[in-house]
Amino acid sequence: MTASPELGTARTASPDLLRSVFRQHAAGVAVITAAGDRPVGFTATSLNSVAAEPPLISFGVGTSSSSWPVVAEAEHVGVHILGEHQQELAATFARSGADRFGTSTYWRNGPEGVPVLDGVLAWLVCRVVARIPAGDHRIVIAEAVVGDPTGAGRPLLYHQGRFTALRD
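Residues numbered from 1 in each chain as written. Predicted model: local features only at pLDDT ≥ 70, side-chain atom pairs only at ≥ 80, totals over all residues. Heavy atoms only, no water.

1. Some details on a nonpolar patch on the surface
Residues Leu18, Val21 and Phe22 make up a contiguous nonpolar surface patch of roughly 310 Å² in combined accessible area. The residue phenylalanine 22 is located in helix α1 (residues 15–23) in this model. (Patch = residues over 30% accessible without salt bridge, like charges linked within 9 Å, V, L, I, M, F, W, Y side chains within 5 Å. Areas by Shrake-Rupley, 256 points an atom, 1.4 Å probe, with all protein chains shown as cover. Salt bridge = Lys/Arg side-chain N within 4 Å of Asp/Glu carboxyl O. Helix = DSSP H or I, 4+ residues; strand = E, 2+ residues; numbered from the N terminus.)

Shown next as structure tokens:
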């Protein structure tokens, strides 16, 4: 095999390298919610489908996040797929110290007492089955219990450090 001149300059792995590489990766945007003494939630671009049988999903959550203490104990979580019309909602749930469930956020208590956001493309309530240590994060694996895939619109994406939409 011969070296390709188009490989660029390789860099030693680091947090900055990982962030730089993943800025090139367009990801769907979700909000994860959970109920504790107060509702919590955060924006996630790490949402994945794990298995169809049983229906499992996964996402990462930082152990230093304000949501982690509640997610660490929650039996159920809400998973919300955001639409391109929900950039401000995504920003609110991504912003440290924001009043995520304030007057500008429309939500209701859903199945299992989980906060369910209004106007999303789709949502699930999932039963947490595992929390796996992964550096300064935990990978949460959860089984879908109930949901609604019938929201209207196109998905919100995160790319190059900003929210964006699909282009035709």
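Past the structure itself, the notes keep going.
2. Considering the sheet that holds strand β1 (residues 27–28)
Pairing within the open sheet is antiparallel, and its three strands lie in the order β1-β11-β12. On the outer flanks of this sheet lie β1 and β12 (162–165), each paired with one strand and no other. The pairing of β1 with strand β11 (residues 156–159) spans two bridges and is antiparallel. In the strand pairing of β11, glycine 28 is matched with leucine 157. (Pairing = 2+ DSSP bridges.)

3. Some words on the layout of surface pockets
Estimates place the volume of the largest pocket at around 1,200 Å³. For the largest pocket, the lining is made up of 30 residues, of which Arg19, Thr45, Ser46, His137 and Tyr158 are closest to its centre. When contributions to the lining of the largest pocket are tallied by element, the ones reaching two or more residues are α1, β1, β3 (39–44), β5 (56–62), β10 (137–148) and β11. It is α1 that provides the largest number of residues to the lining of the largest pocket, a total of five residues. Residue classes in the lining of the largest pocket are distributed as 13 nonpolar, 14 polar and three charged. Of the pockets and cavities examined, the second largest pocket occupies roughly 150 Å³. Together, Arg38, Pro39, Val40, Gly41, Ser66, Ser67, Gly97, Ala98, Asp99, Arg100 and Phe101 line the second largest pocket. Here the residues of the lining of the second largest pocket are counted per class, giving four nonpolar, four polar and three charged. (1 Å grid on protein atoms, 1.4 Å probe; cavity = no way out; pocket = protein on both sides within 12 Å on 5 of 7 lines; lining within 4 Å. Points joined across faces, edges and corners; volume = space filled by probe spheres on them. Nonpolar A, V, L, I, M, F, W, Y, C, P; charged D, E, K, R; others polar.)

4. Topic: the packing of aromatic side chains
In total, this model carries four aromatic pairs according to the counting rule given. Arranged with centres 5.3 Å apart and planes meeting at 85 degrees, the rings of phenylalanine 93 and phenylalanine 101 form a pair that is edge-to-face. (Phe/Tyr/Trp six-rings, centres within 6.5 Å; stacked < 30°, edge-to-face > 60°.)

5. Brief notes about the environment of alanine 26
By the secondary structure assignment, alanine 26 is in the loop between α1 and β1. On the basis of relative accessibility, which here comes to 42%, the residue alanine 26 falls in the partly exposed class. For alanine 26 and glutamine 160, which are 134 residues apart along the polypeptide, the C-alpha to C-alpha distance reads 7.8 Å. Sequence-distant contacts of alanine 26, defined by excluding residues within four places in its chain, comprise Tyr158 and His159. (Buried < 20%, exposed > 50% of the residue type's maximum accessible area, 1.4 Å probe, protein only. Contact = heavy atoms within 4.5 Å.)

6. A word on the pattern of salt bridges
Two side chains bearing opposite charge may form a pair once their charged atoms approach each other closely. Enumeration according to the criterion identifies five salt bridges in this entry. One salt bridge in this structure joins arginine 154 and glutamate 84, with 3.9 Å as the shortest N-O distance. Highlighted residues: arginine 154 in the loop between β10 and β11 and glutamate 84 in the loop between β6 (76–81) and α3 (87–94), separated in sequence by 70 residues. For arginine 154, a relative accessible area of 28% corresponds to the partly exposed category. Under the relative-accessibility criterion, glutamate 84 is labelled partly exposed at 30%. With its nearest N and O atoms 2.8 Å apart, the salt bridge here joins glutamate 143 to arginine 127. Placement of glutamate 143 in strand β10 and of arginine 127 in strand β9 (residues 122–134) is noted, with a sequence separation of 16 residues between them.

7. A word on the pairing of strand β2 (residues 30–35)
Along β2, five of the six residues are buried, which leaves the element largely enclosed by surrounding structure. Linkage of β2 to β3, two consecutive antiparallel strands, is achieved through a turn of three residues. Strand direction decides the pairing type here: β2 and β6, joined by four bridges, are antiparallel. In the sheet register, isoleucine 32 faces β6, and the bridge partner there is valine 79.

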